[in-house]
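Chain by chain, the residues:
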Amino acid sequence: MTKTISSYFISDVLVEWYEQNKRDLPWRRTTDPYIIWISEIILQQTRVNQGMDYFLNFIAHFPDVKTLAEAHEDEVMKSWQGLGYYSRARNLHQAAKDIVERYGGFFPSSYQEILSLKGIGEYTAAAIASFSFNLPHAVVDGNVFRVLSRLFAIEDMIDSSSGKKIFSGLAQELLRPENATQHNQAIMEFGALHCTPVAPNCRECPLQEKCQAYARKSVLNYPKKKPRKETRKRYFNYFHIEKDNCIFLRKRTGNDIWKNLYELPLIEAPVRLSLDEISSLPEFMEFFPQVDSTLFWQISYRDKHILSHQTLHTVFYKVNDLPDMQYFENNCIKVPFQELDKYAVSSLTDKYLEKIRKRNLS
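Right, let's walk through the structure included here. (Residues numbered from 1 in each chain as written. Predicted model: local features only at pLDDT ≥ 70, side-chain atom pairs only at ≥ 80, totals over all residues. Heavy atoms only, no water.)

1. Considerations on the environment of Arg90
Piece 1. Looking at where Arg90 falls in the secondary structure, it is placed in helix H6 (residues 87–103).
Piece 2. A residue is classified by how much of its surface remains accessible, and Arg90, at 16% relative accessible area, is buried.
Piece 3. A sequence separation of 16 residues divides Arg90 from Asp74, and the C-alpha atoms of the two residues are 9.8 Å apart.
Piece 4. Contacts of Arg90, omitting those with residues within four sequence positions, involve Glu73, Met77, Trp258, Lys259 and Asn260.
Piece 5. Here the side chain of Arg90 touches Lys259 through a polar contact of 2.6 Å, landing on its backbone oxygen. (Helix = DSSP H or I, 4+ residues; strand = E, 2+ residues; numbered from the N terminus. Buried < 20%, exposed > 50% of the residue type's maximum accessible area, 1.4 Å probe, protein only. Contact = heavy atoms within 4.5 Å. Polar contact = N/O pair within 3.5 Å; in protein donor to acceptor, adjacent residues only side chain to side chain.)

2. A few points about empty space enclosed by the protein
Piece 1. Summed over all chains, the structure comprises two cavities of 30 Å³ or more.
Piece 2. Along the wall of the largest cavity there are 15 residues; nearest its centre are Phe190, Cys195, Cys202, Cys205 and Cys211.
Piece 3. For the lining of the largest cavity, the element with the highest residue contribution is helix H9 (residues 142–151), accounting for three residues. (1 Å grid on protein atoms, 1.4 Å probe; cavity = no way out; pocket = protein on both sides within 12 Å on 5 of 7 lines; lining within 4 Å. Points joined across faces, edges and corners; volume = space filled by probe spheres on them.)

3. As for H9
Piece 1. Burial runs high along H9: nine of the 10 residues are buried.
Piece 2. Residues of H9 that are buried: Asn143, Val144, Phe145, Arg146, Val147, Leu148, Ser149, Arg150 and Leu151.
Piece 3. Of the residues flanking the start of H9, the one acting as N-cap is Asp141, its side-chain oxygen 3.1 Å from the backbone nitrogen of Asn143.
Piece 4. The positive-phi residue at the C-terminal boundary of H9 is Ala153, with phi of around 45 degrees.

Below, the structure is given as structure tokens:
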């Protein structure tokens, strides 16, 4: 691909636009790499208006690396509850411990050292390096992909290895080294506010005359992506079991969604099953040996919970007067209703428990 637009012209135009249109965001008022790191991780899969309260709450709970490193994982996960993509919180916690161990609690200041931290990829490392230390590393996020793909009418797919290499190289070429902070902030903000996915403001675009996609009247055809994979369907059957004004929860483990979050005892089935069909599964036999099915009461319909690449079909069953609690006493924790808000859970479980909390407080 031959570059036909002056690199510094683009940078200068974007920075000028940015100075006139940028949002006043708390992480832009500092060069503290810890603050910038937290904001970048939160905003990876979250819009600014949705992530702001989470950011402020997280920083209030964990104001510095040392505080985060010394916190219990359950506390970190609870502060992250509702944001989703919980591996981000686990990685933050692990990276904070690493910073304390390797760098004495001081955030590393080189791109390669930042990149070596758990959960930090090339984009986040470039963002921290440029925003905190003005190092000349170009950021390439979804907004940057969109702006560059339209400006240069790039046909390569942004989620292909060859495409990523092309975009990374081009982004670095366009970066004015001495003004890395402003340039990176500007191109991302331009994509977020002006060159938007669905309704870009092409009529008032300062780069309109240079935009190859606009000249071709095909702006909305960029960026190019691979076809989306079919969403995986999963079937979750939860069991609500009480004893002594408490409810049983257990922590999810293994490399799956919601790792280290708490939930009600669960039986996952390969397809949608009735309670009679579920009762023939080995897990059910382990949960409820010799239990009469009349003790079960379905208290939610088959709700659908949509994640990025999965759709969960869920149903909750209340189990009344369970005679044998041995499995749950040995494999779960018994949580008083008034202490449920201390445990980090998925948004799916939280919605259900909120109904339970209201019922028991009424």
